[in-house]
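# Overview (structure and organization)
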Protein chains: 2
Amino acid sequence: MQRKTLLNSECPVALSLEHVGEWWSLLIMRDALQGLRRFDEFSRSLAIAPNMLTRRLNALVEAGLLEKRAYSTRPLRHEYVPTERGHDLIGVIFALIAWGNKHFAESEESVRVIEKATGRTVQPMMVDVESRQVVPWEACEVVAGPGASGEMRDRIAGIKTRQQ
Amino acid sequence: MQRKTLLNSECPVALSLEHVGEWWSLLIMRDALQGLRRFDEFSRSLAIAPNMLTRRLNALVEAGLLEKRAYSTRPLRHEYVPTERGHDLIGVIFALIAWGNKHFAESEESVRVIEKATGRTVQPMMVDVESRQVVPWEACEVVAGPGASGEMRDRIAGIKTRQQ
């Protein structure tokens, strides 16, 4: 398949997808973030061909989302543990759960996210980092950051012009 | 490529990925949610082969994320407008921006998300839907919902046992 690499892109969405932009990788990370660690556990959970699972696990180790650790030396056996970068992907998983629940759940939700201590339902929302106030999605916008190239600034400016 | 369909799955992450679990689709939706509408605009933005772009746009229309509307009849020309389901994907895009900015930005962020009215920086966080209080990720957990099958309940119970 023709596939242009976006690693030279500066867009954080493109950069993220370059590392996990593939169906199986996100499902493997979903399982890893739920506590699965061993090849056989992923294999059972995902019903994925072993050669494909090996390839995806290696790619996730290379991308710095999983760390491969020996848990037995005789025979040599490894487990796959989320790194900090892998742990932080939970924000994307929570966003996918919310979107999937809203648009694709059969009738009632089969999983939901709660605050452990209270059992209360939680949802991903945009929050003002200083005041901790919730800001509705439609009140948010994407703007050029301090590290934006001229090209990125033009792109965002072009989009703003369109929207007026 | 061998690919097992997960449409019969009840997991909202798997269900979501079945609809957008592909690199190009998420980049097309990123652009559509920023205001791009026409084939040529997507083509210029993404540098994607025309046959591939056509295929991905059609798949997004079929999945109910984009609506295809004629904007000219002579010659017949269409534009692609996000549906409500497509609009709600902004939560996933915001999560990808936050993760990409934290882990893959070169030095400074090239894009950031702000509250339009105030210019303040906003971030995706988990929020208690009733009290509107922010709940840290590590204080959240995924539990079976009212629509969970026995299999899903066993799966989540098995994971909880592991974690103790």
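These notes cover the structure that comes with them.

Criteria and cut-off values
Residues numbered from 1 in each chain as written. Chains lettered and ligands numbered in written order. Predicted model: local features only at pLDDT ≥ 70, side-chain atom pairs only at ≥ 80, totals over all residues. Heavy atoms only, no water. Core = buried A, V, L, I, M, F, W, Y, C linked by side-chain atoms within 4.5 Å. Buried < 20%, exposed > 50% of the residue type's maximum accessible area, 1.4 Å probe, protein only. Contact = heavy atoms within 4.5 Å. Least-squares fit on C-alpha atoms with pLDDT ≥ 70 in both. Pairing = 2+ DSSP bridges. Helix = DSSP H or I, 4+ residues; strand = E, 2+ residues; numbered from the N terminus. Disulfide = S-S within 2.5 Å. Arc of directions from axis to C-beta. Axes fitted to C-alpha atoms, helices over the stretch in contact; angles between N-to-C directions. Parallel < 35°, antiparallel > 145°, perpendicular 65-115°, else oblique. Nonpolar A, V, L, I, M, F, W, Y, C, P; charged D, E, K, R; others polar. Buried area = accessible area lost by both parts, 1.4 Å probe. Salt bridge = Lys/Arg side-chain N within 4 Å of Asp/Glu carboxyl O. Polar contact = N/O pair within 3.5 Å; in protein donor to acceptor, adjacent residues only side chain to side chain. Phe/Tyr/Trp six-rings, centres within 6.5 Å; stacked < 30°, edge-to-face > 60°. Lys NZ or Arg CZ within 6 Å of the ring centre and 35° of its normal.

Turning our attention to the nonpolar core. Core analysis: the biggest nonpolar cluster contains 96 residues, and L89(A) and L89(B) have the highest contact counts within it. Discounting chain neighbours no more than four positions away, the residues touching L89(B) are W99(A), V20(B), L26(B), M29(B), L33(B) and L65(B).

Now for the relation of the copies chain A and chain B. Screw-axis analysis of chain A against chain B gives a translation of 0.0 Å along the axis, an RMSD of 0.0 Å, and a rotation angle of 180 degrees. This pairing of chains is accounted for by a two-fold axis. Interface residue correspondence from chain A to chain B reaches 100%, placing this contact among same-surface, isologous pairings.

Looking now at the sheet that holds strand β4 (residues 122–128) of chain B. The sheet built from four strands is open, its strands ordered β5(A)-β4(A)-β4(B)-β5(B) with antiparallel pairing. Every interior strand has two partners, whereas the edge strands, β5 (134–135) of chain A together with β5 (134–135) of chain B, have only one. Summarising the sheet, β4(B) and β5(B) pair through two bridges and their orientation is antiparallel. The residue of β5(B) that forms the bridge with V127(B) is V134(B).

Attention shifts here to the state of the cysteines. All names here are of chain A. What the rule picks out here adds up to zero disulfides over all chains. No disulfide involves C11; its nearest neighbouring cysteine sulfur is the one of C140, lying 17 Å away. Take C11: its relative accessible area is 11%, and that puts it in the buried class.

Right, let's talk about helix α3 (residues 39–46) of chain B for a bit. Residue and element names in this part refer to chain B. All of the buried residues along α3 are E41, F42 and L46. Projection of α3 onto a plane perpendicular to its axis shows the buried side chains occupying an angular sector of 110 degrees, all on one side. Exposed residues pointing more than 90 degrees away from the buried face of α3 are listed as D40 and R44. Remark: A47 follows α3 within two positions and exhibits a positive phi of approximately 50 degrees.

Turning our attention to the pairing of strand β2 (residues 76–82) of chain A. Two faces belong to every sheet, and in a regular strand the side chains alternate between them. Residues and elements named next belong to chain A. Note: strand β1 (residues 66–73) against β2, seven bridges, orientation antiparallel. From the neighbouring strand, T73 faces β2, where its bridge partner is L76. Count of turn residues in the β1/β2 antiparallel hairpin: two residues.

Our focus in this paragraph is the packing of helix α2 (residues 23–33) of chain A against helix α1 (residues 12–20) of chain B. For the pair α2(A) and α1(B), the least separation of the axes is 10 Å and the interaxial angle reads 170 degrees. By the angle class used here, α2(A) and α1(B) are roughly antiparallel. Mapping the contact onto sequence places W23(A), L26(A), L27(A) and R30(A) in α2(A) and V13(B), A14(B), L17(B) and E18(B) in α1(B). Partitioned by chemical class, the residues of the contact of α2(A) with α1(B) number six nonpolar, no polar and two charged.

Facing 92 residues of chain A, the contacting portion of chain B comprises 92 residues. Carbon and sulfur atoms supply 66% of the area that chain A and chain B bury against each other, a total of about 9200 Å² over both sides. Broken down residue by residue, the surface that chain A buries against chain B is led by W23(A), Q34(A) and W99(A), which jointly contribute 9%. Run the count over chain A and chain B and you get eight salt bridges. Across the chain A-chain B interface, the total number found is 41 residue pairs in polar contact (both at pLDDT 80 or more). Of the residues forming the side of chain A that touches chain B, the biggest block, 14 residues, is contributed by helix α6 (residues 90–104) of chain A. Pairing of strand β6 (residues 140–144) of chain A with strand β3 (residues 111–115) of chain B, which is carried by five bridges, proceeds in the antiparallel orientation. Bridge pairing in β3(B) links A144(A) to V111(B).

So, about unusual backbone geometry. All names here are of chain A. With omega at 0 degrees, the peptide bond leading from R74 into P75 counts as cis. In this structure, P75 sits in the loop between β1 and β2. Residue R132 is not a glycine yet carries a positive backbone phi of 65 degrees. Structurally, the position occupied by R132 is in the loop between β4 (122–128) and β5.

A few words on the packing of aromatic side chains. Residue and element names in this part refer to chain A. This model, assessed by the stated rule, comprises four aromatic pairs over all chains. For the ring pair W99 and F104, a centre distance of 5.1 Å and an interplane angle of 80 degrees mean the geometry is edge-to-face. Summarising the burial analysis for this pair, W99 and F104 share the class buried. Residue placement shows R38 over the ring face of Y71; its charged tip is 3.7 Å from the ring centre.

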